[in-house]
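Structural description and commentary
Letter by letter, the chains look like this.
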Amino acid sequence: IATRSDDGSVQLWDAVTLEQVGEPMQHKNRQVGVWVKACLMAFTPDCSRLRTEGADGIVHFWDTETGNSLDEVIQSEKEVKRNVRALAYCPDGWRAVRKVGWAKYQMFDADRNKPVGPAVNTSQNWVNVAISSDGARFATGDGGGLIQVWDAVEGKLAMETIVHGGVVAALAFS
């Protein structure tokens, strides 16, 4: 289990013993030497690593057994900074979807942080994201109550927009 506190630190917990794993993890922007709040986190599908992204666009990977940094730090592109708000991994472990701009989402290589498909423009900026179990499609749900399902390769709508009728506060794809 991973939790994020108000101060932006991330803590791992053993799901069986409910004991803390390691010390709280802090994002550090190494270029300016300051701590930054983690905004997003997601486990890799094999659960060996936890990916966290800070408000500054810095990506960190953490060992889930020890809670130690793996010293794999990636800087996101300028457009992505300040827009990190949603992240989901594909079951294959090497691809993920995340927000890359105002109301824009994209599939990317999760280890290299490089795009692997076209970006899609959603209807609103505040959006949640989830990926299908085969990684072929992903869904976005927004504050205006719309759910859109996208073809992950083509970057086009895969079906008609679903009207949820209220804010889509969370989203999961089976």
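Refer to the structure presented above.
Given the structure is predicted, the values throughout are model-derived calculations rather than measurements.

The next point concerns the nonpolar core. Ranked by internal contacts, the top residues of the largest apolar core, which has 13 residues, are Val97, Tyr105, Met107, Val120, Val129, Ile131 and Phe138. Mapped by element, the contributors of at least two residues to this core are strand 12 (104-109) and strand 15 (127-131). It is strand 15 that contributes the most residues to this core, three residues altogether. In terms of nonpolar packing, the next biggest core, distinct from the first, is built from nine residues, Leu40, Ala42, Ala96 and Phe108 among them.

Attention now goes to the pattern of salt bridges. One pass over the structure, following the stated rule, counts one salt bridge. Linking Asp92 and Arg95 is a salt bridge whose minimum nitrogen-to-oxygen distance equals 2.7 Å. Classification of Asp92 by relative accessible area gives partly exposed; the value is 36%.

This next bit is on the packing of aromatic side chains. By the definition in use, this model includes zero aromatic pairs. Above the plane of the ring of Phe61 lies Arg49, whose end atom (NZ or CZ) is 4.6 Å from the centre.

All right, on to unusual backbone geometry then. What you tend to see is this: most non-glycine residues have negative phi, and most peptide bonds are trans. Unusually for a residue other than glycine, Leu18 sits at a positive phi of about 65 degrees. When you line up the elements, Leu18 lands in the loop between strand 2 (10-13) and strand 3 (20-25). The backbone of Cys47 sits at a positive phi, close to 65 degrees, despite the residue not being glycine. With relative accessibility at 44%, the residue Cys47 sits in the partly exposed group.

Spatially, the three strands line up as an open sheet ordered 1-2-3, and their pairing is antiparallel. Because the sheet does not close on itself, it has two edges, and the strands there are strand 1 (2-4) and strand 3. Neighbour-to-neighbour, the strand axes of the sheet open up by a mean angle of 15 degrees, direction not taken into account. As defined by bridge partners, strand 1 adjoins strand 2 across three bridges and the pair is classed as antiparallel.

Our focus in this paragraph is the pairing of strand 16 (residues 137-142). Buried residues dominate strand 16, accounting for five of its six residues. As consecutive antiparallel partners, strand 15 and strand 16 are separated by five residues, and within that stretch Gly135 has a phi angle of approximately 75 degrees, a positive value. Connecting the antiparallel pair strand 16 and strand 17 (residues 146-151) is a turn made up of three residues, with Gly145 showing a positive phi of about 85 degrees.

Turning next to the pairing of strand 11 (residues 95-101). Counting buried positions over the seven residues of strand 11 gives seven, a clear majority of the element. Pairing of strand 10 (residues 87-89) with strand 11 involves three bridges; the strand directions are antiparallel. By the bridge assignment for strand 11, Ala88 is matched with Val97. Here strand 10 folds back onto strand 11 in antiparallel fashion, the turn holding five residues, of which Gly93 has a positive phi close to 85 degrees. In the sheet, strand 11 pairs with strand 12 via six bridges, with the strands oriented antiparallel. Of the residues in strand 12, the one forming a bridge with Arg95 is Asp109. Following strand 11, the chain reverses through two residues before pairing antiparallel with strand 12; Ala103 in that reversal takes a positive phi of roughly 55 degrees.

Parameters at a glance
- Residues numbered from 1 in each chain as written.
- Predicted model: local features only at pLDDT ≥ 70, side-chain atom pairs only at ≥ 80, totals over all residues.
- Heavy atoms only, no water.
- Core = buried A, V, L, I, M, F, W, Y, C linked by side-chain atoms within 4.5 Å.
- Buried < 20%, exposed > 50% of the residue type's maximum accessible area, 1.4 Å probe, protein only.
- Helix = DSSP H or I, 4+ residues; strand = E, 2+ residues; numbered from the N terminus.
- Salt bridge = Lys/Arg side-chain N within 4 Å of Asp/Glu carboxyl O.
- Phe/Tyr/Trp six-rings, centres within 6.5 Å; stacked < 30°, edge-to-face > 60°.
- Lys NZ or Arg CZ within 6 Å of the ring centre and 35° of its normal.
- Pairing = 2+ DSSP bridges.
- Axes fitted to C-alpha atoms, helices over the stretch in contact; angles between N-to-C directions.

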